[in-house]
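Architecture and fold: a report
Now for the letters of each chain:
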Amino acid sequence: MPRAFTRTPLACDSCRRRKTKCDGIHPRCKHCTSKKLQCIWSMPSLDTPATSALALTPESGDAATLVTEPSSAGEPPEGGLQICIDLFFERHFASDFCSFDSRPDFEQKCRQDPTLGSSIIALCGRYLTADDAQALFGLSSGRAVFRHYMYKARTLVKAVSDEPSVAHIQASLILALTELLSDSGSRHWLFAGMAIRMAEIMRLNKEFHQKHSLKEQEIRRRTFWACLLFDRVLAYFLAKHRTIHDDTISIAVPGTDLSILYQEETRAITLNGLAAYRHPSDLGLSSYLIKTVCVWSDLADFAAYSRRRLEPHPPTDPRSAFLIRSDALRAWTDSLPQSLRWGVQNYRNHQALGQARTFVGMQFVLHGASCIAHQCYLPHPTLYTKLVDLVDAAGWSYLFRDEMLVGTCVSNALAIGEILDYLMDPQQGNDQVVLQTIWVAASTLTAANVFLWIQYAQDETYSTNELRQKAAHYYNLIHQLTSSWVSEWDVSGQWLLALDVMHDLYKAAYLGEVNERILRQDNTHSPRDNDNFRPQPGDGYPTLITLPNLQASIKFATCDTSARSINIPAIWLQLSGGWPYGYAGPESEINLPMEAQFTGSVDSASSV
């Protein structure tokens, strides 16, 4: 008689992904229980009632809440969904998603499509008060709401990943932002990639939409532009390549929101023709934000890939990639109408139109673009004494100081600080809420490094007491702003870590004041879920030659929210030893006793 084998009919998602034997016990298998992992069942077992998703999710500490979404009760509460839609339009719709639909149509889609509705609640449930969360969803807090629907949205978005449609692209983008703000490993990159691939297979980047109504044509264009914005910002935050190339785009920039409602034909203005168009009221603010982000991204790419060590021409040479991209930024800035430049009255005008977030985000990106690559050429003469014999690929010494490059970087960082100072001033109304955008976050991380350089580098021109005090004030504003986001955006904990570590390293290098947390191994602010995939040292991490300066290393070590935390002490050894000597890469282990590390670091810092 043949031997009978018993087999678990279905393993949970975590065990399948890890190729671990699963006992198939619902709602939480033994392996996930012992490892304190999320136990997610994307398909029903033979002896379990049909569900769209089963997940045991940790809410805080060791506590856990069972999330069960029956297929017969998949629709969210009407009142709760509407509140989250209102929050989405208030906080994210225009500034992050390029106003990619008309509001009446979009609200109807959210009610009809559970994928889109769940993604909206997953993103905006975090902003609910505890009372609203309890009254609208029967959950204890806004955090419980967004986590509950984030797991559901993941399952639904994965289920439609091979069904390209505008609604599914929009849901994937919304979920990508949810995952980024939630510090959920690499999922934001994956869901953004799904959206981009669906947009490409639908040819949303080409004018192949004549069979659709004028309204639908405009929505398809805007959905593609939203994909491009996410592609650019994630490429910066994660130091990854950009997926969408400018030369593959042949669609018009968005028009005004009224042009969708009135079903007007497009003005047929492309990105390349936008600078010459003199009637911004015909297009609206989104078009100018898109162009600004594209120009900023070109310079961010220069910095993220450390192109200074590869560029054969100096930055003042017309043939250099740096100067070509800087000139493109200068030309774009010069072409902007006066009404689109920073000014208190311009800000108030856009605030009255409900466009304050988009306007402010555009100003930060515009000034940040003149810092992000220029900071690669900030000299550190007091710090890098061992760099005296090192030159970049163009033959420039790393100690060389170019007045124009330094001046451009510093002046634009100070412009960011002035805008921050105005918007965070209680006497001016304290408009801090409009600063909570991914564009402001990206730009302030860049400006913070410049402010620290002004404070500690003792530059011959920018080391006056007045300027150093102003830089310290602006840095503190950035720290205060980022801290205020932590309760709603988990990823802000990583950004805050970047600011703290960068400040500690500047003080240690220039003043010899070594904060012991530099030497600790547990350099993290936010709790990081062990069940999320994060690249580890050895998984394509940059080597020492690709991280040639302090800002590049700190940004890589702390701001790549998809990766596991890197050994901050390793960066300190690199810094104190004189860049880039004495550093074996992020994967290296530091085995020195704590006292030896501390003493050696102080001596090194004092010697420079």
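Residues numbered from 1 in each chain as written. Predicted model: local features only at pLDDT ≥ 70, side-chain atom pairs only at ≥ 80, totals over all residues. Heavy atoms only, no water.

Regarding the overall build of the chain
Summing up its helical and strand segments, the chain has 23 helices and 3 strands in all. Each of the 608 residues in the chain was classed as buried or not, and the buried ones make up 58%. Once local pairs closer than 6 in sequence are excluded, the contacts in the chain between residues at least 24 apart make up 69%. Surface summary for the chain: the accessible area is close to 24,900 Å², and the carbon and sulfur share equals 53%. (Helix = DSSP H or I, 4+ residues; strand = E, 2+ residues; numbered from the N terminus. Buried < 20%, exposed > 50% of the residue type's maximum accessible area, 1.4 Å probe, protein only. Contact = heavy atoms within 4.5 Å. Areas by Shrake-Rupley, 256 points an atom, 1.4 Å probe, with all protein chains shown as cover.)

Topic: unusual backbone geometry
One non-glycine residue, Gln263, adopts positive backbone phi at about 55 degrees. By the secondary structure assignment, Gln263 is in the loop between α12 (257–261) and α13 (285–304). According to the relative accessible area criterion, Gln263 is partly exposed, its value standing at 37%. You will see that Ala268, though not glycine, has its phi angle at about 60 degrees, which is positive. By secondary structure assignment, the location of Ala268 is in the loop between α12 and α13. With a relative accessible area of 53%, Ala268 lands in the exposed category.

Quick notes on the nonpolar core
Residues Phe88, Trp225 and Trp296 are the most contacted members of the largest nonpolar core, which totals 152 residues. Among the elements that line this core, the one with the most residues is helix α18 (residues 438–456), at 14 residues. Discounting residues that sit within four places of it in the chain, Trp296 has contacts with Arg232, Val233, Tyr236, Val365, Gly368, Ala369, Ile372, Trp439 and Ala442. Among the nonpolar cores identified, the runner-up in size contains 9 residues, and Ala11, Cys12, Cys15 and Trp41 belong to it. (Core = buried A, V, L, I, M, F, W, Y, C linked by side-chain atoms within 4.5 Å.)

Notes on the environment of Arg325
Among the structural elements, Arg325 can be located in helix α14 (residues 321–335). Sequence spacing of Arg325 and Ser297 is 28 residues, and the spatial spacing of their C-alpha atoms is 9.8 Å. Look past the residues within four positions of Arg325 in its chain and what remains in contact with it is Asp298, Leu299, Asp301, Phe302 and Arg307.

Section: the packing of helix α16 (residues 356–372) against helix α17 (residues 403–423)
Here α16 crosses α17 at 155 degrees, and the two axes come no closer than 7 Å. On the basis of their axis angle, the class for α16 and α17 is roughly antiparallel. Seen along the crossing, α16 lies across α17 with a hand that is left-handed. Seen from α16, the contacting residues are Val360, Gln363, Phe364, His367, Gly368, Ser370 and Cys371; seen from α17, they are Thr408, Cys409, Asn412, Ala413, Ala415, Ile416, Ile419, Leu420 and Leu423. Each residue belonging to the contact of α16 with α17 can be placed in one class, and the counts come to 10 nonpolar, 6 polar and no charged. (Axes fitted to C-alpha atoms, helices over the stretch in contact; angles between N-to-C directions. Parallel < 35°, antiparallel > 145°, perpendicular 65-115°, else oblique. Left-handed = near helix turned anticlockwise from the far one by under 90°. Nonpolar A, V, L, I, M, F, W, Y, C, P; charged D, E, K, R; others polar.)

Here's the deal with helix α15 (residues 344–352)
Along α15, the positions that sit buried rather than exposed are Asn346, Tyr347 and His350. Looking straight down α15, one finds that the buried residues subtend no more than 100 degrees of arc, so they occupy a single side. Set apart from the buried face of α15 by more than 90 degrees, the exposed residues are Gln345 and Ala352. Packed against the buried residues of α15 are α13, α16 and α17. Backbone geometry just after α15 places Gly354 at a positive phi near 75 degrees. (Arc of directions from axis to C-beta.)

Some points on a nonpolar patch on the surface
A grouping of Leu258, Leu261 and Tyr262 is seen on the molecular surface, where their side chains present a nonpolar patch of about 340 Å² in accessible area. For Tyr262, the location among the structural elements is in the loop between α12 and α13. (Patch = residues over 30% accessible without salt bridge, like charges linked within 9 Å, V, L, I, M, F, W, Y side chains within 5 Å. Salt bridge = Lys/Arg side-chain N within 4 Å of Asp/Glu carboxyl O.)

Quick notes on the side chain of Ser99
Topologically, Ser99 is positioned in the loop between α4 (93–97) and α5 (103–112). Taking the relative accessible area as the measure of exposure, Ser99 reaches 4% and is therefore buried. Each residue touching Ser99, except ones within four places of it in the same chain, is listed here: Phe93, Ala94, Arg222, Asp257 and Ser286.

Side note on the pattern of salt bridges
Scanning the entire structure with this criterion turns up 28 salt bridges. Between Asp301 and Arg325 there is a salt bridge; the shortest N-O distance is 3.2 Å. Of this pair, Asp301 sits in helix α13 while Arg325 sits in helix α14, placing them 24 residues apart in sequence. Asp301 gets classed as buried once you look at its relative accessible area, which sits at 9%.

A closer look at the packing of α13 against α14
Closest axis-to-axis distance for the α13/α14 pair is 10 Å, and the angle between their directions is 160 degrees. As the angle between them shows, α13 and α14 are arranged roughly antiparallel. The two elements α13 and α14 cross, and the hand of that crossing is left-handed. From α13, Tyr288, Lys291, Thr292, Val295, Asp298, Leu299, Asp301 and Phe302 reach across to α14, where they touch Phe322, Arg325, Ser326, Ala328, Leu329 and Trp332. In the contact of α13 with α14, the residues fall into 8 nonpolar, 2 polar and 4 charged.

With respect to the packing of aromatic side chains
Taken as a whole and judged by the stated rule, the model has 33 aromatic pairs. Geometrically, the ring pair formed by Tyr347 and Tyr422 is edge-to-face, given 6.4 Å between the ring centres and 85 degrees between the ring planes. A residue pair is termed long-range when its members are at least 10 positions apart, and Tyr347 in helix α15 and Tyr422 in helix α17 qualify at 75 residues. Residue class for Tyr347 comes out buried when judged on its relative accessible area of 0%. The exposure class of Tyr422 is buried, given its relative accessible area of 15%. In textbook terms, an aromatic cluster arises when at least three aromatic residues are bridged by ring pairs, as seen for Phe88, Phe89, Phe93, Phe97, Phe100, Phe106 and Phe230. Here Arg103 stacks its cationic end above the ring of Phe89, 4.3 Å away from the centre of that ring. Lying across the ring of Phe146, Arg126 places its NZ or CZ 4.1 Å from the centre. (Phe/Tyr/Trp six-rings, centres within 6.5 Å; stacked < 30°, edge-to-face > 60°. Lys NZ or Arg CZ within 6 Å of the ring centre and 35° of its normal.)

A look at helix α19 (residues 465–485)
Its 21 residues place the ends of α19 31 Å apart at the C-alpha level, agreeing with the 30 Å of an ideal helix rising 1.5 Å per residue. Three or more residues of α19 are buried, namely Leu467, Ala471, Tyr474, Tyr475, Leu477, Ile478, Leu481, Thr482 and Trp485. On an axial view of α19, the arc spanned by its buried residues comes to 155 degrees, and they lie on one face. Opposite its buried face, α19 presents the exposed residues Asn465, Glu466 and Gln469, each directed more than 90 degrees away. Check the buried side of α19 and you find it contacts α17, α18 and α20 (492–511). (Expected span 1.5 Å × (residues − 1).)

So, the side chain of Asn346
Looking at the element boundaries, Asn346 is found in helix α15. Judged by relative accessible area, which is 16%, Asn346 ranks as buried. Within the structure, the side chain of Asn346 is placed 2.9 Å from the backbone oxygen of Arg341, a separation counted as a polar contact. (Polar contact = N/O pair within 3.5 Å; in protein donor to acceptor, adjacent residues only side chain to side chain.)

Topic: the confidence of the model for the chain
The pLDDT averaged across the chain works out to 80; a share of 76% of its residues lies at or above 70. Taken together, the stretch residues 43–73 has pLDDT below 50 and engages in 62 contacts with residues farther than four places along the chain or on a different chain. Confidence drops under a pLDDT of 50 for residues 541–548, and excluding neighbours within four residues, the segment shows 22 contacts in the predicted structure. (pLDDT = per-residue confidence, 0-100.)

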